[in-house]
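Overview (structure and organization)
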Amino acid sequence: MIQAMQETTHSQVVQVALKVPFAAHLDYSLNHDLTAPPIGGRVLVPLGKNKQLVGVVVGLVAESEFKTLKPIIAVLDTEPLLNATTLQLLRLAAKYYQVSFGEMIFTALPAWFRKTNNRPIPIHYWWQVVADLEVAQTALKVAPKQLEVFEYLMLHGPLQSKAMSHISSTAAQICRQLQDKALITSTEVCFVETDQAFDPGFKLTADQDRALKQIQKSKDQFEVHLLDGITGSGKTEIYIRLINELLEKQQQALVLVPEIGLTPQLFQEISQRINGQMAILHSGLSDGARARVWHHAARGLVDVVVSTRSGIFTPFKNLGSILVDEEHDLSYKQQEGIRYSARDLAVLRAKIEQVPVILGSATPSFETLNHANNGRYQWLKLRSRTNHNPMPSLRLQNTQSKQLVKGLTQQTLSTIESHLADGHQVLVFLNRRGWSQKLICHECGWVAECDDCDAYLTYHKHLDLLKCHHCERRYSLPEFCPSCGSQAVETMGAGTEKIAAGLMEQFAETAVVRFDRDSVKTPAQWQKNLETVRSGKPCVIVGTQMLSKGHDFPLLSLVVVVNVDNSFFSADFRATEYLAQLLVQVSGRAGRAKTKGEVIIQTQFPEHEFFQSLFQENYESFAQQQLTERAEMRFPPYTYMAIVRGQFRDERLLDQFLQQLADGLEQNQDISVLGPLPAPMQKRQKLFRMQLILNSNDRKGLHQTLHLLKTQKTVENKHHIQWFVDIDPVSLD
Ligand code: ADP
Ligand code: ZN
Ligand code: ZN
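Scope of this entry: the structure provided in the associated data block.

Rules used throughout
- Residue positions are given per chain, counted from 1 along the sequence in the order it is written.
- Chains and ligands are labelled by the order in which they are written, letters from A for the one and numbers from 1 for the other.
- Reporting of local features is limited, given that this is a predicted model, to residues whose pLDDT is at least 70; pairs of side-chain atoms are given and counted only at 80 or more, and all residues count toward the totals for whole chains, interfaces and linings.
- The side-chain values count all of the structure's non-hydrogen atoms but skip hydrogen atoms and water molecules.
- Two rings from Phe, Tyr or Trp (for Trp, the six-membered ring) form a pair when their centres sit within 6.5 Å of each other. Planes less than 30 degrees apart are called stacked, planes more than 60 degrees apart edge-to-face, and all others tilted.
- Metal donors were taken as nitrogen, oxygen and sulfur atoms no farther than 2.8 Å from the ion, or 3.2 Å where the ion is Na, K or Ca. Water is excluded, so coordination may look unfinished.
- A four-donor site is called tetrahedral if each angle lies between 85 and 135 degrees; a four-donor site is square planar, and a six-donor site octahedral, when trans pairs exceed 155 degrees and the remaining angles lie between 65 and 115; all other cases are labelled irregular.
- When accessible area is computed with a 1.4 Å probe and restricted to protein chains, residues below 20% of their type maximum are described as buried, those above 50% as exposed, and intermediate ones as partly exposed.
- For the purposes of this entry, the term helix denotes a DSSP run of H or I that reaches at least four residues, the term strand denotes a run of E that reaches at least two, and both are numbered from the N terminus.
- A molecule or strand has a residue near it when one of that residue's heavy atoms lies within 4 Å.
- Think of a polar contact as two N or O atoms within 3.5 Å of one another; within protein, one of them needs to be a possible hydrogen donor and the other a possible acceptor, and neighboring residues in sequence only count if both atoms come from side chains.
- Reported accessibility uses the Shrake-Rupley method at a 1.4 Å probe radius. Residues are deemed covered only where the shown protein chains occlude them.
- In short, DSSP must find at least two bridges between two strands for them to pair.

1. Observations concerning the packing of aromatic side chains
- All chains considered together, the criterion is met by 13 aromatic pairs.
- Considering the side-chain rings of Phe610 and Phe611, the 5.3 Å spacing of their centres and the 75° angle between planes classify their relative orientation as edge-to-face.
- An aromatic cluster of three or more residues is present, and its members are Phe568, Phe569, Phe605, Phe610, Phe611, Tyr619 and Phe622.

Here is the structure:
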């Protein structure tokens, strides 16, 4: 590549990667009136009869195998947008995930850079607090709206004023007023410049010290460290110390978190402790703001980027390490478009850049544990909490033949009552929003289902409607059973709506706060709920998955988990792995503060060996046991899997199409092909869904075969069946 760059003045052929599936790059000529574009910079090129596309230059050469080349229309960047290592990452990722180089590049590029013009990136100011709350409270006694904006910024900053429009339609103006009063300040990019690192002054625990020393050994070279530490064992402290060491060497750090909601928390924890410039990057930011973070990271103007999945593609000037927090989290796997895993790409990137990568989790994924088992990853264990609090105690609550009061047993209710009476907070966790699980007829067994999806409908009481959670289609509630005409139609099972209603009846004096997609739709609602919780008064929090991740509720002493039994009937061999991770993570929310925590799991199967092996021992031994089974059954992580997923309105044609693909695949002896099979959810939004599951001991062979499959032209596809390959799928559905 360096050679090619030196040749720029002589080479006339520009290799351009475009967002098209059929070629890694296309060749274009360069007219004499244009200066040669840099490799990694963007150009505007013609395609077909009258299309103009933005492309990225991936090579400059003297000759092309094609005789006539179309000329480049315009050069959009005079400096590379993507540096050599980022291009290398994207090239290898494209190969691995079976897409074209251009498709991969355009998945990585922030939307701003995909546009055909090259206007300068607009400046949006970011506001951040610079005064203490008490100072602000005194100064803003007669300006409650300004105080509200100040407080919001204190919790969530730095923010653009448009992110506060739900507080005030004149947030921008209010921010300028606060700035005039020297209570807040603005920056042009999404970062905080800190120069007052705070030192909590604690000594590392023995575990922390050992882990840190191990990581330090691999300075400036590639090594994967699994930081396997229970909740509260001080993983974040290790991240912070590592980042500080990087900053001393003028190196940058990339910190990945699984979801947007967790970025402010980690951002603030780190920013208080370092002298440097930090930026947040996620899909909630404006196009311009994301482009600016790229721009700054590539020029070395920001030291730490805290980002969700897509941040793995950010170009850095001098990257020193990548930290992946909650590495087991499924959010790292993109589930639409190119199905890449940001965690896996973090490892690949660290290898390209020759830097250490840290994968942190209290419940490492089986993939990662397998690498730790065979010594490819350094396994660093943190097994005690820094505050020496005992782990919460656990109780399985048998629900079989028990009378449930809106989803909870009498015993669960009295335990909740005693925790509330002690002045503590309680979390009831379940992964089902709405009122009920389903609507059934007691006479004939009819169950209400969505017409467009293979799914039961959920009753939502406040709407008095049935809703499909997969396509959001709504249905009115039938008065009679549509199948037998009986009136014995009733809801069954409990969702968050019902549980919350039941708790409100039981504990009329206590606040019940619900966190799910129906009740928390805006940041303001999040905020309002959080304030109730943070007030410190006893309350019951009812929530879905939204709450299972990192969010810290220090006053929780009891966690109740409801409705997890479905996992025992799942067709997915990973269901128990995910359930174990969920239960351990949710349990970890209890008793982080002074009080000893308690966890209750309501289940119909308290005798299930799953619970025995997870809770009588621990996550690690549970995982080892399950890994042995996976090895015997020849499943990942001991084999390599890919799923060819198709969807189409006509089931028969879809089946035929996948059968043709399967016939082609079966010629390779090393690959076992299962299917065509209906997907676990056979129909979604009127489209039938089928799949081929490919499993092989040989990753290379599998990928080569898939490559052939994608490029073979003989398969009949005239009905425009939608299909794609999912490499290393994390779910069978
Ligand atoms: P994790 O990320 O593993 O859940 P944290 O890093 O958040 O754990 O640490 C939990 C708490 O312990 C934090 O409040 C942190 O400030 C504190 N802490 C971390 N390391 C130490 C230490 N060595 N001594 C005392 N407190 C510590
Ligand atoms: Zn009926
Ligand atoms: Zn539906």
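From this point on, the discussion continues.
2. With respect to the coordination of the zinc ion (ligand 3)
- Donor atoms from the polypeptide that coordinate the zinc ion (ligand 3) comprise Cys450 (SG), Cys453 (SG), Cys468 (SG) and Cys471 (SG), at 2.3 to 2.4 Å from the metal.
- One way to put it: the four donor atoms around the zinc ion (ligand 3) meet at angles of 107 to 113°, and that makes the site tetrahedral.
- Sequence positions of the residues that donate to the zinc ion (ligand 3) give the spacing C-x2-C-x14-C-x2-C.
- A residue is classified by how much of its surface remains accessible, and Cys468, at 0% relative accessible area, is buried.

3. A word on the coordination of the zinc ion (ligand 2)
- Within the first shell, the zinc ion (ligand 2) binds the protein through Cys441 (SG), Cys444 (SG), Cys481 (SG) and Cys484 (SG), at distances of 2.2 to 2.4 Å.
- Geometry at the zinc ion (ligand 2) is tetrahedral, judged from the four donor atoms that bind it and their angles of 107 to 113° at the metal.
- All donor residues of the zinc ion (ligand 2) come from one chain, and their arrangement in sequence is C-x2-C-x36-C-x2-C. With Cys441 in strand S19 (residues 438-441) and Cys484 in the loop between strand S22 (474-476) and strand S23 (489-492), this residue pair connects regions lying 43 residues apart in the sequence.
- Here Cys441 falls in the buried class, since its relative accessible area comes to 2%.

4. Here's the deal with the site of ligand 1
- Around ligand 1 sit 15 residues, and of these Lys203, Gln208, Gly232, Thr236 and Thr386 come closest.
- Within the side chain of Gln208, an N or O atom sits 2.8 Å from a nitrogen atom of ligand 1.
- Between ligand 1 and Gly234 there is a distance of 3.0 Å, counted from an oxygen atom to a backbone nitrogen or oxygen.
- Notes on ligand 1: free accessible area 560 Å², of which the protein chains cover 71%.

5. A short note on the pairing of strand S2 (residues 26-29)
- Of the two faces of S2, both are covered, the one formed by Leu26 and Tyr28 as well as the one formed by Asp27 and Ser29.
- One ladder, built from four bridges, connects strand S1 (residues 13-17) with S2; its direction is antiparallel. Directly across from Val14, in S2, lies its bridge partner Tyr28.

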